[in-house]
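Read off the chains here:
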Amino acid sequence: WQGSELPVAVNPKTQDAVYRVIGRPGVVLIAEGSPTRVQRLLNEERIKVQRVVPNITVTRLVVGDGTEKTIKLKAINRSLAKLKPALTRAEVTAVANRLNSLDSGYGVPKGMDPNRVRPDHKAIRGR
């Protein structure tokens, strides 16, 4: 399995997040949050993935408290192991490379660069 610790989609208002993992069964989108709230984030990310790699299976999992439409966090490994392999190892690497090019990151924040700020010499001397 190949993935990252950073989410690929985040709703800043509700703190819901979607993570992407690539493995032999295809692409798995793992959402964290309420099942009804994360559906829009999951659908948007699924469309992005299928635009880049159209013939790959996209599976969606929602992590929660283990109720009807969610799975518990400790059961993720088990649910990922149940998925049937559809890709070879070389295809997994190729798909991962294509999807990594999709990530543009969060960019540079606006405002002044805190690393380039000049110190206020009057404040240092106590005036």
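Residues numbered from 1 in each chain as written. Predicted model: local features only at pLDDT ≥ 70, side-chain atom pairs only at ≥ 80, totals over all residues. Heavy atoms only, no water.

Undergrad: Quick one: what's the story with helix α3 (residues 89–102), residue by residue and with numbers?
TA: Since one α-helical turn is 3.6 residues long, residues separated by three or four positions face the same way. The end-to-end C-alpha distance of α3 is 20 Å, a good match for the 20 Å that 14 residues give at a rise of 1.5 Å each. Every buried residue of α3 is listed here: V92, V95, A96 and L99. Within α3, the buried residues cover an arc of 105° as seen down the axis, which keeps them to one side. Turned more than 90 degrees away from the buried face of α3, the exposed residues are A90 and S101. Elements in contact with the buried residues of α3: β1 (2–3), β3 (16–23), β4 (26–32) and α1 (35–52). (Helix = DSSP H or I, 4+ residues; strand = E, 2+ residues; numbered from the N terminus. Expected span 1.5 Å × (residues − 1). Buried < 20%, exposed > 50% of the residue type's maximum accessible area, 1.4 Å probe, protein only. Arc of directions from axis to C-beta. Contact = heavy atoms within 4.5 Å.)

Undergrad: Summarise the pairing of β3; cite the residues concerned and give the values.
TA: Successive residues of a regular strand alternate their side chains across the two faces of the sheet. Most of β3 is tucked away: 7 of the 8 residues are buried. Bridging between β1 and β3 involves 2 bridges; their strand directions are antiparallel. If you follow Q2 over to β3, its bridge partner there is I22. As defined by bridge partners, strand β2 (residues 9–11) adjoins β3 across 3 bridges and the pair is classed as antiparallel. Bridge pairing in β3 places A9 opposite V18. Between the end of β3 and the start of β4, which pair antiparallel, lie 2 residues. (Pairing = 2+ DSSP bridges.)

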